[in-house]
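# Geometric and topological summary
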Amino acid sequence: MDALDFPPSPRGSRAPARETDATLTISDERPTTGLWNDPALPVSVRARALLDAMTEAEKIAQLGSTWPGHEMSGDVAPMQDTFRGAESFEEAIVDGLGHLTRVFGTAPVAPETGRRRLAEYQERVTAANRFGIPAIAHEECLTGLNAWQATVYPTPLAWAATWNPGLVHRMAAAIGSDMAAVGVHQGLAPVVDVVRDYRWGRVEETMGEDPYLVSELGLAYVKGLQSAGVIATLKHFAGYSASRAARNHAPAAIGPRELADMILTPFEKAVVHGRVGSVMNAYNDIDGVPCGANEELLTGLLREKWGFEGTVVSDYWAIAFLASLHHVAADVREAARSALRAGIDVELPHTTGYGRALLDDGVSTALLDRAVLRVLTQKAELGLLDPGWSPGQYTVPADFDSPRNRSIARRLAEESVVLLDNPSGLLPLAGSRSIAVIGPAADDVRCLFGCYSFPNHVLPHHPDAPLGIDAPTVLDALRREFPATEVHHEVGCPVTGDDRSGIAAAVAVAAAADVTVLVVGDRSGMFGGGTSGEGCDVGVLTLPGAQEELVEAVLDAADRVVLVVLSGRPYAIGRHARRADAALQAFFPGEEGAAAIAGVLSGRVNPSGRLPVQIPGDEAGQPGTYLAPPLALKSDGVSNIDPTPAFPFGHGLSYTTFEIDGVSVDEAAVAVDGTITVRARVSNTGERAGTCVPQLYLTDPVASVTRPVRQLIGFTRVDLAAGETRGVEFEVHADMTSFTGADLRRRVEPGELELTVGQSAGDAGVPVQVTLQGDERFVDHTRTMTTHVAVLPD
């Protein structure tokens, strides 16, 4: 797997570089030079000068991409039969190339091998065009750099469970530094889709169901990744998570107000405040218009209103899908013209429409130049046009899974575990002579990872390759955590399928043990190859396979049971949690996740995770999240379906207790353009140190359109010693109360509001009233989008 099988040099190109002491050198023949190579000039001047020097064919080449080695990848992207007829590498790089696709994330190659392979490809790209322009190399990085032997961080839904933007920033900066060190320029993350239906397979890739939480964490990721000089890519613009019936790629069942207030705000924030470098279109359509052909979305809103200046890249094969799936174009050529007009600048993962067909069709010079100028500007910003740039200048880090990375992954995992319930005080475990570890997720390392992790995304297509990282299973971690305790294990049943043959043995082991740890949930995969992940949507929110039967049988037989759910979505496990002595939820916590779970069970880790999605109730219909007006919630006499969750958004317990009191506002009335200061005292009323997560919710009792009963507008984490009290101060600008009205304009309305500081969306908390005074005020993307929070001494 370490062999370097490169395509031959294109005919007429410069001689390939030779490798000497692991450094690639350029041949003596020099490319055409000009103002574009002068780092002292503004990037806009350099990019324009290069554009003006290019032929039409050379311009078009900058809008395409190629995926060398894609035949080794297996099904890691939807409908890969689109590769049929793809140009060879040498054909794709004639006159230049926009992007190189997934040199690391296609097959298991060691970091140094991948670095050399990428450098060799870039040498061929620069040799094949007269300006010596390299390609932008991109990789997936949703749970870390998607490469063999690289750290597998928790999945984004687990980041969200930490409610810790600072930690997400640290993780993203670490990911970016690893990518930059080996010559990768762009990462295809973060996913800032807001969950609207838990049945959707890609819930695991999101940061939850609240647009404010998603916005804060998404912005942190963007700033972290880009601090390392790597372009972040917002996904998926827009409405992808609102697909009808939660089916992947399905039309977005969403109105313009819901789109604006629930879906678009995280994108808007990352564009305006994060200056994100790239945006990827969504596969779905909105009201019959596919996002990849939606000029109003990709140009009118994104660029003209929000001021986005980066590149829009297509989701993989989204341009071809305009013809083959959406049927809004007769063929790929027509699809390409439509996408270019709408505002897609680069076609990924390889060129199907943005190639010579555009030249043959006589594409509009203005549209072509618009897209190419954006690509060239980005290349200038990355330093790829600088005279000193060389494909061999990058040095591989000593370790893609470094102690720094593992430390961040460990902290993320520990802070993401949510203690749902502990009514009998069974946890933390102490004095048990024997522990039965039951369930299909207990001894399966891939139950710790999301679908875009390298072990789940690529390695299934390379069954002989080792995992490449040290990642103990939950069973391994429990044996390490409790070395003096007898630990017995039975699978009970597989994650999927109807095989119940192991349930009887699992029940017998559980009945004989002092304590049973029952580990159930998901095994993530792609396109039906898992129970969670892209293309792994579900119709109901019961545990997959025969796991419901296993849980019930163990709960019937065992004396003391801790239910542990390892999953990519929230399942309706409320009735099981009520019967268990304790319940934990972990959302694919990564390579350090098993140790984090074991640490919570032993008490070494005091849990501080909070739910970024509700745990749905037993009979709750879908779709449904906590962000809902009164008639979407429990309404006696209106509907027989009770949507009340088993555990609310923001919920999470600790091994200590917290109290919030002393809530006040500095003024009972403020102007519609003023600031409300909300103060509260947060106390640790228990006997050990812990972390409280005070949450500020807005209620708008009377508005011109229906409003959510509660909506998150601020939060923080407060570390408290036993008995300690600290003050928390929320600075809430009136802009934070704005919403989209019936006329589709965002406004701040005067009137009475209720602000509640609590520990979850379901916590009555301590409400205070405030009145906004003045005339209705309209706001736009320049509005205040963050509530600043200060933690103070008591």
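Summary of the structure given here. (Residues numbered from 1 in each chain as written. Predicted model: local features only at pLDDT ≥ 70, side-chain atom pairs only at ≥ 80, totals over all residues. Heavy atoms only, no water.)

Attention shifts here to helix α7 (residues 211-227). Every α-helix winds through 3.6 residues per turn, so residues three or four apart in the chain are directed the same way. For α7, with 17 residues, the first-to-last C-alpha span of 24 Å sits near the 24 Å given by 1.5 Å per residue. A large share of α7 lies buried, amounting to 14 of its 17 residues. A side-chain oxygen of the first residue of α7 lies 2.8 Å from the backbone nitrogen of Tyr212; this N-cap is Asp210. Downstream of α7 by one or two residues, Gly229 has phi in the positive range, about 85 degrees. (Helix = DSSP H or I, 4+ residues; strand = E, 2+ residues; numbered from the N terminus. Expected span 1.5 Å × (residues − 1). Buried < 20%, exposed > 50% of the residue type's maximum accessible area, 1.4 Å probe, protein only. Polar contact = N/O pair within 3.5 Å; in protein donor to acceptor, adjacent residues only side chain to side chain.)

Residue placement: Val152 occurs in the loop between β5 (136-139) and α5 (156-162). Placed 440 residues apart in sequence, Val152 and Glu592 show a C-alpha to C-alpha distance of 8.4 Å. Residues within four places of Val152 in sequence aside, it is in contact with Thr143, Phe449, Ser453, Pro455, Ile469, Gly590 and Glu591. (Contact = heavy atoms within 4.5 Å.)

With that settled, consider the side chain of Ser524. Checked against the element boundaries, Ser524 lands in the loop between β15 (515-521) and α19 (547-557). A polar side-chain atom of Ser524 sits 2.8 Å from a polar atom in the side chain of Glu204. From its side chain, Ser524 meets the backbone nitrogen of Cys451 in a polar contact 3.0 Å long. In this structure, Ser524 is in contact with Glu204, Arg446, Phe449, Gly450, Cys451, Asn456, Gly530, Ser532, Gly533 and Phe588, ignoring residues within four places of it in sequence.

Counting residues in hydrophobic clusters, the biggest one holds 199 residues, and the most contacted among them are Tyr221, Phe237 and Val678. Ranked by the residues each element gives to this core, the list is headed by α7, at 8 residues. Formed by 41 residues, the second largest nonpolar core is a distinct cluster that contains Phe449, Ala582, Leu601 and Tyr655. (Core = buried A, V, L, I, M, F, W, Y, C linked by side-chain atoms within 4.5 Å.)

This brings us to the sheet that holds strand β17 (residues 582-586). Strand order in the open sheet formed by 6 strands is β12-β17-β16-β15-β13-β14, with mixed pairing between adjacent strands. The outermost strands of the open sheet, each flanked by one partner alone, are β12 (418-421) and β14 (486-490). Ignoring which end each strand starts from, the neighbouring axes of this sheet average 20 degrees apart. In the packing of helix α17 (residues 474-481) onto the sheet, contacts are made with β13 (434-438), β14, β15 and β16 (561-566), and the angle to β14 comes to roughly 170 degrees. (Pairing = 2+ DSSP bridges. Axes fitted to C-alpha atoms, helices over the stretch in contact; angles between N-to-C directions.)

In this section: the packing of helix α1 (residues 43-53) against helix α14 (residues 365-381). Between α1 and α14, whose axes approach to 8 Å, the crossing angle comes to 130 degrees. When the axis of α1 is compared with that of α14, the two are oblique. Note that α1 runs across α14; the crossing there is right-handed. Residues Val43, Arg46, Ala47, Arg48, Leu50 and Leu51 of α1 form the contact with α14, whose participating residues are Asp369, Val372, Leu373, Leu376, Thr377, Ala380 and Glu381. When the residues that make up the contact of α1 with α14 are grouped by side-chain class, the tally is 8 nonpolar, 1 polar and 4 charged. (Parallel < 35°, antiparallel > 145°, perpendicular 65-115°, else oblique. Left-handed = near helix turned anticlockwise from the far one by under 90°. Nonpolar A, V, L, I, M, F, W, Y, C, P; charged D, E, K, R; others polar.)

A few words on the packing of aromatic side chains. Here a ring pair, both rings aromatic, is described through the centre-centre distance and the interplanar angle of the planes. Inspection of the entire model under this criterion finds 17 aromatic pairs. Chaining the aromatic ring pairs together yields one cluster made of Trp163, Tyr212, Tyr626, Phe649, Tyr697 and Phe715. Over the aromatic face of Tyr452 sits the side chain of Lys235, whose NZ or CZ is 5.4 Å from the ring centroid. When the ring centre of Phe778 is taken as origin, the NZ or CZ atom of Arg745, which lies over that ring, is 3.7 Å away. (Phe/Tyr/Trp six-rings, centres within 6.5 Å; stacked < 30°, edge-to-face > 60°. Lys NZ or Arg CZ within 6 Å of the ring centre and 35° of its normal.)

Within the secondary structure, Glu592 is located in the loop between β17 and α21 (593-602). Glu592 gets classed as buried once you look at its relative accessible area, which sits at 8%. A polar contact of 3.4 Å, which involves the side chain of Glu592, links it to the side chain of Arg410. If near-sequence neighbours (up to four positions away) are discounted, Glu592 is found in contact with Arg406, Ala409, Arg410 and Ala413.

Quick look at the packing of helix α18 (residues 503-512) against α19 now. Between α18 and α19, the least distance of the axes is 9 Å, while the angle of their chain directions is 30 degrees. The orientation of α18 with respect to α19, classified from their angle, is roughly parallel. Between α18 and α19 lies a crossing whose hand is right-handed. Across the interface between the two elements, Ile503, Ala506, Val507, Ala510 and Ala511 from α18 touch Glu549, Leu550, Ala553, Val554 and Ala557 from α19. For the contact of α18 with α19, a count of residues per class yields 9 nonpolar, no polar and 1 charged.

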